[in-house]
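# Summary of the model geometry
Now for the letters of each chain:
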Amino acid sequence: MRRYELNIAAFGEGGHFRTHIDINDKSIVQNMRVVTAVYYFFSEPKQFEGGELIMYPAAFLPGLDEPVALSPENNSLVVFSSVAPHSVAPVRSSNLAFKDYRFSVNCWLIN
Ligand SMILES: O=C(O)CCC(=O)C(=O)O
Ligand SMILES: [Fe+2]
């Protein structure tokens, strides 16, 4: 790996992310995102529902026959191939204070 990118995200009520892969537009062979790592953190007790990371089947992912929803756990890290299709289900809550948002630090290892 030659470098990495970091992004911090705060998802409040209704926050979601459509199905995508993390390969950036300009990437062909160089500067390609190869590994995605997402670190989750939020206030306890958790004030929101939803916000699951959903991983979708792909030809190169043997054994994943149907979508898998991973509910974010506080202070946890999820690592996956940046070419794996995924989405974030809408965060559900009412009157979620910013301190209770679904926070994540996304890290992409770049080849
Ligand atoms: O927050 C997550 O669970 C994943 C976010 C994501 O897919 C992205 O930022 O590319
Ligand atoms: Fe992503």
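Everything numeric here is computed off the predicted structure, so don't read it as measured data.

### Remarks on unusual backbone geometry
- Going from glutamate 44 to proline 45, the amide bond is cis rather than trans, its omega being -5°.
- Secondary-structure assignment places proline 45 in the loop between strand 3 (33-41) and strand 4 (49-50).
- If you check the backbone angles, asparagine 75 has positive phi at about 60° while not being a glycine.
- By the element assignment, asparagine 75 lies in the loop between strand 6 (68-70) and strand 7 (76-81).
- Classification of asparagine 75 as exposed rests on a relative accessible area of 54%.

### Details of the sheet that holds strand 10 (residues 102-110)
- The sheet built from four strands is open, its strands ordered 1-10-3-7 with antiparallel pairing. For this open sheet the edge positions go to strand 1 (3-11) and strand 7, each flanked by a neighbour on one side alone. Shown here is a sheet whose adjacent strand axes are inclined to one another by a mean of 20°, direction ignored.
- Here strand 3 pairs with strand 7 via six bridges, running antiparallel.

### Comments concerning the nonpolar core
- Ranked by size, the top nonpolar core spans seven residues in total: Ala9, Phe11, Phe42, Phe48, Val88, Val91 and Leu96.
- Beyond its immediate sequence surroundings of up to four residues, phenylalanine 11 is in contact with His16, Phe17, Val88, Val91, Leu96, Tyr101 and Arg102.
- Val38, Leu53, Met55 and Ala84 belong to the second-largest nonpolar core, a separate cluster that totals six residues.

### Structural notes on the packing of aromatic side chains
- Tallying each qualifying case throughout the model produces six aromatic pairs.
- For the pair tyrosine 39 and phenylalanine 41, a centre-to-centre distance of 5.9 Å together with 25° between the ring planes defines the contact as stacked.
- Relative accessible area serves as the criterion here: at 28%, phenylalanine 41 is assigned to the partly exposed category.
- Put simply, the rings of Tyr39, Phe41, Phe98, Tyr101 and Phe103 pair up and form one aromatic cluster.
- Just above the ring of phenylalanine 48 sits the side chain of lysine 46; from NZ or CZ to the centre is 5.1 Å.

The rules behind these values
Residues numbered from 1 in each chain as written. Chains lettered and ligands numbered in written order. Predicted model: local features only at pLDDT ≥ 70, side-chain atom pairs only at ≥ 80, totals over all residues. Heavy atoms only, no water. Helix = DSSP H or I, 4+ residues; strand = E, 2+ residues; numbered from the N terminus. Buried < 20%, exposed > 50% of the residue type's maximum accessible area, 1.4 Å probe, protein only. Pairing = 2+ DSSP bridges. Axes fitted to C-alpha atoms, helices over the stretch in contact; angles between N-to-C directions. Core = buried A, V, L, I, M, F, W, Y, C linked by side-chain atoms within 4.5 Å. Contact = heavy atoms within 4.5 Å. Phe/Tyr/Trp six-rings, centres within 6.5 Å; stacked < 30°, edge-to-face > 60°. Lys NZ or Arg CZ within 6 Å of the ring centre and 35° of its normal.

No statement about biological role is implied by the geometric values presented.
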